[in-house]
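A structural walkthrough
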Amino acid sequence: MNNWRQQSFSRTVAALCGFRITLTTLGLLMLFMGSSYASATPEKPVMKDDRQHILGHGHRMILIDAGHGGIDGGTSFGNILEKDITLDISRRLFLLLRSDGFDVILNRNGDYAPSDENRWLRSKSRHLRDLAQRKELAETLPANVVVSIHINWAPSPSKHGPLVLYRQEGRSFILARSIQHQLNNLYDVEAHPRPGKPFYLLNKITATTVIVEAGFVSSPTDREKLCTPKGQQQIAEAIADGIVAYLMEV
C-alpha cells in the first residue's frame, strides 16, 4: 500500500469503528462524510494519475453493500461464513475509497442484518425486508454507484475465481467489466462479467449497481485470499481500482 494511502487508511479507522449506519442516521452520515459532499466543485480537469482530486466530482456517491449479516450468514465452508468475509473486504474497500477522497458509505459495520432496521416494509419474509432495506438506503442517499460484495460457493473445489454480475444496462456493464478486469489480474484468470437477471438489487436499485462475487469459499486457492488480511486487502484494492477506472471512463 502506498505511504499516503496507508496514512489516510489509519486515520479513517477510528472514524469507522463502532459506527452503525441506518436510514435513521442519514444526518450523521453527511457529517461523517465531511463537508466535501456539499462543497466540492471541480475547477479544472481531473488528471488520471491523481486520484485524490476526484472527490465530489459530479456528486458521485458510492455505496458499498456488505452482503448478508446477523442471522443471515450467507454461504459457508466449515466455520467460515460469507457474512464475515464480505464485511472484512467491504471495510477495507470503504477505507481505500475514503483515502482516495471519494464520498462513500458502508451499509453495515458489524454483524447485523439490515432487516433489523426495517420499519417501513410490512413483510413476513426477513430476506425480503433485508433486500428492501439495502435498496432503500441506496435510493435515500441517493447513491450513484452501488457495489454489493458477496462470496461464491460450488460443489467442486476446483471451481474458483471472481465473478461480477451486472444489470443489462450500459453503465452497469462497464462497471462490472472494469472490476472484473482488476480481479482477473489478481486471480490470474480470464473470467467475464455476467448478467444477473434474478437478483433483487440489480433489478430494483436505480443507481449503477453490480454484485461482486469475490471468489469461491469452496476453493482452497480462493480461500487463501478470502480468509487472510493480505488477500482481503488485495481484493479490496482490485475492486477499488475497478471503481476508479469506471468513474474516470464515464
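Given the structure is predicted, the values throughout are model-derived calculations rather than measurements.

Averaged over all residues, the pLDDT of the protein equals 77, while 68% of them reach at least 70. Taken together, the stretch residues 2-19 has pLDDT below 50 and engages in 33 contacts with residues farther than four places along the chain or on a different chain. With pLDDT under 50 throughout, residues 21-58 is counted as low confidence; its partners more than four residues away or in other chains account for 63 contacts.

A word on the pattern of salt bridges. By the definition in use, this model includes two salt bridges. When the shortest N-O distance is used, the salt bridge between Lys83 and Asp111 registers 2.9 Å. One end of the pair, Lys83, is in helix 4 (residues 82-99); the other, Asp111, is in the loop between strand 4 (103-106) and helix 5 (126-140), with 28 residues separating them in the sequence. Judged by its relative accessible area of 9%, Lys83 is buried. Residue Asp111 is classed as partly exposed on the basis of its relative accessible area, which comes to 46%. Glu249 serves as the salt-bridge partner of Arg177, at 3.5 Å between the closest nitrogen and oxygen. Of this pair, Arg177 sits in helix 6 (residues 170-187) while Glu249 sits in helix 9 (residues 229-249); the two residues are 72 residues apart in sequence, bridging distant segments of the chain.

Structurally, Arg167 can be placed in the loop between strand 6 (163-166) and helix 6. For the buried Arg167, which has no salt bridge, the nearest side chain bearing the opposite charge is Glu169, at an N-O separation of 4.1 Å. Looking at Arg167, its side chain comes within polar contact range of the main-chain oxygen of Leu202, at 2.7 Å.

Summed over all chains, the structure comprises one aromatic pair. Each ring, one from Tyr166 and one from Phe173, has its centre 5.1 Å from the other, and the planes form 70°; the classification is edge-to-face. Taking the relative accessible area as the measure of exposure, Tyr166 reaches 12% and is therefore buried. Directly above the aromatic system of Phe77 lies the positively charged group of Arg223, at a separation of 3.8 Å from the ring centroid. Of note, Lys225 hangs over the ring of Tyr187, and the distance from its end group to the ring centre comes to 5.0 Å.

Core analysis: the largest hydrophobic core is formed by 40 residues, its most contacted members being Val147, Ile179, Ile239 and Ile243. Examining the composition of this core, we find that nine residues originate from one element, helix 9, more than from any other. Every residue in contact with Val147, bar those within four places of it in the chain, is listed here: Leu63, Ile64, Asp65, Leu175, Ile179, Val210, Val212, Ile239 and Ile243. Counting residues in each nonpolar core, the second largest holds 11 residues, with Met61, Ile105, Ala143 and Ala207 among its members.

A positive phi is found at Asp188, a non-glycine position, where the angle reads about 60°. Mapped onto the secondary structure, Asp188 falls in the loop between helix 6 and strand 7 (194-195). Asp188 gets classed as exposed once you look at its relative accessible area, which sits at 71%.

Conventions we followed
- Residues numbered from 1 in each chain as written.
- Predicted model: local features only at pLDDT ≥ 70, side-chain atom pairs only at ≥ 80, totals over all residues.
- Heavy atoms only, no water.
- pLDDT = per-residue confidence, 0-100.
- Contact = heavy atoms within 4.5 Å.
- Salt bridge = Lys/Arg side-chain N within 4 Å of Asp/Glu carboxyl O.
- Helix = DSSP H or I, 4+ residues; strand = E, 2+ residues; numbered from the N terminus.
- Buried < 20%, exposed > 50% of the residue type's maximum accessible area, 1.4 Å probe, protein only.
- Lys, Arg positive; Asp, Glu negative; His and termini not counted.
- Polar contact = N/O pair within 3.5 Å; in protein donor to acceptor, adjacent residues only side chain to side chain.
- Phe/Tyr/Trp six-rings, centres within 6.5 Å; stacked < 30°, edge-to-face > 60°.
- Lys NZ or Arg CZ within 6 Å of the ring centre and 35° of its normal.
- Core = buried A, V, L, I, M, F, W, Y, C linked by side-chain atoms within 4.5 Å.

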